[in-house]
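# What the coordinates show
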Amino acid sequence: MGDRVLCLGAGAVTGAGWQLGVVAGLADEGIDLAAADRVIGTSAGALVGAHLALGHSTGQIAATLLEIEVDGRLLRPSTLARLGVAQVWPSRRHAVVWLGRSATGSGWTPARGADWAIRLGAGLAGQGWPEGLVVVATDVASGRPAYFTDATGVELETAVAASCALPGVFPPVVIEGRAHFDGALRSLVNLDLAEGADVVVAVAPFSASARSHRRPREQARQLGATTVLLLEPDAGSRRAIGLDPVASGRSRRALEAGRAFGRSQAARVGAAWRQRG
C-alpha cells in the first residue's frame, strides 16, 4: 500500500469550514481522506486535521467548528498591514520575529494563550495524539517553524491552538516555555513536508504568497514524482469564503460550498486515492 498524505492548509474560520466541506463532499462519493497515512495540518488545517485523525465524523467536526465564535473586528487594517509587510521583508525569519514581538506585546499573557487553547480545543482535550498527524506552528522568539507529532509529547489541543494563532488576531500559545503562533508563517499549506509520499491531496483555502516557493502550486511541482492533487476554491467557493477569514458567520456557507466542490472533484481525486489505498 502506498503512502497517502492529506495536507490541510491555513484559512482561519471560513477556510476551516470550506476544507471540512471538501472532505465531506469527497466522503459523500466514497473517498475517505481520513484514511491518509499522514495528515499535515497548518493553522485551520491543523484543527480540521486533528479531528479527522482522531476518527471524528465530518458531522461531528462541523458541529464543533460552527460553535466557534470569532469577532471579525479582530482582523484590523493594521494587522493586515503588518502581515503584508512580513510577506515581502527580505529576511523571512526576521519578519516573523518582528510579528512575534507585536503579538506578545501589550495585553498578551501566557494565560490568554492557555484560554485560547481551551476555547479552540473542544473535542481535542484529553485525546491521545493520533499517529501520523503533523501540526505545524512557528516559534515566536526564533522565527523558525516547529513541528509537533505524537513523538514530541505536547498536548494535542495546545499544539493545534498554537498553529491557529494568527498574529495580531489570536494569542500565541506557550509550549515548553516558548511562545508559538501560526504555522502558516512558514507556508500556507506546507505541502513540501509531504516529500516522499506516493500521493498527496492538498486542500488550500488560501494560496497567495509573495514568495513563489511558499505557494502550494510551486511546492507541488517540486515534489516531482509524487502524485499531487491540489484542491483550491472555485469561483463559488471563493464567494462563500469571502474576504474576511475570521467572519464566523460565513462558516456554514463556506462548508456547503466546499461540500459541493468536493463532490465535483471526486472523479479526479478518487482515481489516485483509491489506487494507492
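Scroll up for the structure.
First, a word on scope: everything that follows refers to the structure included in this document. All figures in this text were calculated on a predicted structure; none of them were measured in a lab. Every chain's residues receive numbers from 1 upward, in the order its sequence appears when written. pLDDT decides what is reported in this predicted model: residues at 70 or higher carry local features, side-chain atom pairs at 80 or more are listed and counted, and totals for whole chains, interfaces and linings draw on all residues regardless. Processing note: side-chain calculations cover all non-hydrogen atoms of the structure and skip hydrogens and water entirely.

## So, the overall build of the chain
The number of helices and strands found in the chain is eleven helices and eight strands. The buried share of the chain, reckoned over its 277 residues, is 54%. Relative to all contacts within the chain whose residues are 6 or more apart in sequence, the contacts with residues 24 or more apart total 79%. Taken as a whole, the chain presents about 11,500 Å² of accessible surface, with 51% of it coming from carbon and sulfur. What counts as a helix is a DSSP run of H or I of at least four residues, what counts as a strand is a run of E of at least two, and both are numbered from the N terminus. Whether a residue is buried, partly exposed or exposed follows from its accessible area with a 1.4 Å probe, protein chains only, as a fraction of its type maximum: under 20%, in between, or over 50%, in that order. A contact between two residues is defined here by any heavy atoms of the two lying within 4.5 Å. Residue exposure ignores everything except the shown protein chains as possible cover, and the areas themselves are Shrake-Rupley values with a 1.4 Å probe.

## Focus: the packing of helix α1 (residues 12-28) against helix α10 (residues 251-264)
Convention adopted: a line fitted to C-alpha atoms gives each axis, helices being fitted over their contacting stretch, and angles between N-to-C directions are expressed from 0 to 180 degrees. Between α1 and α10, whose axes approach to 6 Å, the crossing angle comes to 35 degrees. When the axes of α1 and α10 are compared, the crossing they make is right-handed. Side by side, α1 and α10 meet where V13, T14, G17, W18, L20, G21, V22, A24, G25, L26 and D28 of the first sit next to S251, A254, L255, A257, G258, R259, F261, G262 and R263 of the second. Across the contact of α1 with α10, the residue classes tally to ten nonpolar, seven polar and three charged. Helix crossings are classified by the rotation of the near helix relative to the far one: an anticlockwise turn of less than a right angle makes the crossing left-handed, while a clockwise turn makes it right-handed. Amino acids are sorted into nonpolar (Ala, Val, Leu, Ile, Met, Phe, Trp, Tyr, Cys and Pro), charged (Asp, Glu, Lys and Arg) and polar (every other residue, Gly among them).

## With respect to the packing of aromatic side chains
Centres within 6.5 Å make a pair out of two Phe, Tyr or Trp rings, where for Trp the six-membered ring is used; the pair is then stacked when the planes are under 30 degrees apart, edge-to-face when over 60, and tilted otherwise. Within this structure, the stated rule accounts for two aromatic pairs. Ring geometry for W18 versus F261: centroids 5.6 Å apart, planes at 35 degrees, classification tilted. Pair noted here: W18 is in helix α1 and F261 is in helix α10, with a separation of 243 residues, a long-range link. There is no split in this pair, since W18 and F261 are both buried. Ring centres of W116 and F170 lie 4.4 Å apart, and the angle between their planes is 5 degrees; this geometry places the pair in the stacked category. Linking W116 in helix α6 (residues 110-120) with F170 in the loop between α7 (156-163) and β5 (173-175), this pair joins segments that are 54 residues apart in sequence. Residue class for F170 comes out buried when judged on its relative accessible area of 9%.

## As for the side chain of S142
Turning to its location among the elements, S142 is positioned in the loop between β3 (133-139) and β4 (145-148). Setting aside residues up to four positions removed in sequence, S142 forms contacts with R93, V97 and R178.

## Describing the environment of R93
By secondary structure assignment, the location of R93 is in helix α5 (residues 92-103). On the accessibility criterion, R93 (32% relative accessible area) is partly exposed. In sequence terms R93 and V140 are 47 residues apart; their C-alpha atoms lie 9.9 Å from each other. Among all residues touching R93, those that are not within four sequence positions of it are S142, G143 and R144.

## Examining unusual backbone geometry
One non-glycine residue, A12, lies in the positive phi region at around 55 degrees. On the secondary structure map, A12 appears in helix α1. Phi at N190 is positive, roughly 55 degrees, even though this residue is not glycine.

## Digging into the nonpolar core
Counting 67 residues, the largest nonpolar core has L6, L33, F148, V160, V201 and V269 as the members making the most contacts within it. Every residue in contact with V160, bar those within four places of it in the chain, is listed here: A46, L47, A50, L120, L124 and V135. Only buried Ala, Val, Leu, Ile, Met, Phe, Trp, Tyr and Cys residues count toward a nonpolar core, and they belong to the same one when joined by side-chain atoms within 4.5 Å. Core analysis: the next-biggest nonpolar cluster, separate from the first, contains 18 residues, V134, V136, V189 and L191 among them.

## Some remarks on the packing of helix α2 (residues 44-53) against helix α3 (residues 58-65)
As a packed pair, α2 and α3 sit with axes 10 Å apart at the nearest point and diverge in direction by 140 degrees. Note that α2 runs across α3; the crossing there is right-handed. Contacts from L47, V48, H51 and L52 in α2 reach I61, T64 and L65 in α3. Residue classes in the contact of α2 with α3 are distributed as five nonpolar, two polar and no charged.

## Considering the side chain of R186
Here R186 shows up in the loop between β6 (178-181) and β7 (199-203). Engagement of the side chain of R186 in a polar contact is seen with the side chain of Y147, the distance being 2.9 Å. When neighbours within four sequence positions are excluded, R186 is seen to be in contact with V136, T138, P145, Y147, D192, L193 and R214. Two N or O atoms form a polar contact when they lie within 3.5 Å of each other; inside protein one atom must be a possible hydrogen donor and the other a possible acceptor, and for residues adjacent in sequence the pair counts only when both atoms belong to side chains.

## Some remarks on α7
Most of α7 is tucked away, with eight of its eight residues classed as buried. Listing the buried residues of α7 in full gives L156, E157, T158, A159, V160, A161, A162 and S163.

## Comments concerning α5
Between its terminal C-alpha atoms α5 stretches 16 Å, which fits the 16 Å expected from twelve residues at 1.5 Å a residue. All of the buried residues along α5 are R92, A95, V96, V97, L99, G100 and A103. Given the number of residues in a helix, its expected span is that number minus one, multiplied by 1.5 Å.

## Looking at the environment of A50
Its location among the elements puts A50 in helix α2. By relative accessible area, which is 0% here, A50 ends up buried. It is 9.8 Å that separates the C-alpha atoms of A50 and G123, two residues lying 73 residues apart in sequence. Excluding its chain neighbours within four sequence positions, the residues that come into contact with A50 are L124, P130, L133, L156 and V160.

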